[in-house]
Amino acid sequence: MLPPELPPLPALTRAEAELIDRYLEVVDLVGRINPARDGDTYRGLRAAQALVGRAAELRDALALMHRRGETELHSPTLARALRVLDGERRAARVTLPPRPGG
């Protein structure tokens, strides 16, 4: 049985697509660093080291959008793209896990 087909990504400018990609990379790294999640310090250290470069790439993506005159974020479209790319699950790793026992 084939997995369900994902909805198509909304139309994005190249700069918007770059922003989404870099943002999700940063979210993934921060999720790996989250001290409220199981893991070891080495994994968190490696993620923190990588975060510096990814944050700079995220900054550069936003700066490029601004220079090109893309001064507003179209949040409904970008949120749709994040959902298609599993952004909700990935971002949930950044938050505190639920308390044991509810």
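Up top you'll find the structure we're talking about.
Before going into details, it helps to say that this report is about the structure given with it. (Residues numbered from 1 in each chain as written. Predicted model: local features only at pLDDT ≥ 70, side-chain atom pairs only at ≥ 80, totals over all residues. Heavy atoms only, no water.)

Some details on unusual backbone geometry
Line of reasoning, step 1. Even without glycine at this site, Asp86 takes up a positive phi of about 70 degrees.
Line of reasoning, step 2. By relative accessible area, which is 32% here, Asp86 ends up partly exposed. (Buried < 20%, exposed > 50% of the residue type's maximum accessible area, 1.4 Å probe, protein only.)

Considerations on the nonpolar core
Line of reasoning, step 1. Judged by nonpolar contacts, Ala15, Leu19, Ile20, Leu24, Val26, Leu58, Met65 and Leu78 together constitute the single largest core of eight residues.
Line of reasoning, step 2. In this structure Leu19 touches Leu58, Ala61, Leu62, Met65, Leu73 and Leu78, once residues within four positions along its chain are discounted. (Core = buried A, V, L, I, M, F, W, Y, C linked by side-chain atoms within 4.5 Å. Contact = heavy atoms within 4.5 Å.)

Description of helix H2 (residues 41-67)
Side chains of residues three or four places apart in an α-helix project in the same direction, reflecting 3.6 residues per turn.
Line of reasoning, step 1. Taking 1.5 Å of rise per residue, the 27 residues of H2 would be expected to cover 39 Å, and the 39 Å separating its terminal C-alpha atoms lies within 8% of that figure.
Line of reasoning, step 2. Helix geometry: H2 is bent most strongly at Leu51, by close to 30 degrees.
Line of reasoning, step 3. Taken together, the buried positions of H2 are Gly44, Ala47, Leu58, Ala61 and Met65.
Line of reasoning, step 4. Turning to H2, the residues buried within the fold contact helix H1 (14-33).
Line of reasoning, step 5. If you check the start of H2, you find a side-chain oxygen 3.2 Å away from the backbone N of Tyr42, and it comes from Asp40.
Line of reasoning, step 6. A positive backbone phi angle near 90 degrees is found at Gly69, which sits one or two residues after H2. (Helix = DSSP H or I, 4+ residues; strand = E, 2+ residues; numbered from the N terminus. Expected span 1.5 Å × (residues − 1). Bend = angle between axes of the 7 residues up to and from the residue. Polar contact = N/O pair within 3.5 Å; in protein donor to acceptor, adjacent residues only side chain to side chain.)

A word on H1
Line of reasoning, step 1. With 20 residues, H1 should cover 28 Å at 1.5 Å per step; its first-to-last C-alpha distance of 29 Å lies within 8% of that length.
Line of reasoning, step 2. Of all the residues in H1, the buried ones are Ala15, Glu16, Leu19, Ile20, Arg22, Leu24, Val26, Val27, Asp28, Leu29 and Gly31.
Line of reasoning, step 3. Each element contacted by the buried residues of H1 is listed here: H2, helix H3 (75-84) and helix H4 (87-92).

Let's talk about the pattern of salt bridges
Line of reasoning, step 1. Here the structure, examined in full by the defined rule, presents nine salt bridges.
Line of reasoning, step 2. Between Arg22 and Glu18 there is a salt bridge, with its nearest N and O atoms 2.4 Å apart. You can see Arg22 and its partner Glu18 sitting in helix H1, four residues apart, about one turn around the helix.
Line of reasoning, step 3. For Glu25, the salt bridge goes to Arg22, with nearest N and O atoms at 2.9 Å. Highlighted residues: Glu25 and Arg22, both in helix H1, separated by three residues, approximately one helical turn.
Line of reasoning, step 4. Assessed through its relative accessible area of 25%, Glu25 is described here as partly exposed.
Line of reasoning, step 5. A single network of salt bridges, built from pairs that share partners, joins Glu18, Arg22, Glu25, Arg54 and Glu57. (Salt bridge = Lys/Arg side-chain N within 4 Å of Asp/Glu carboxyl O.)

In short, geometric facts, not functional conclusions.
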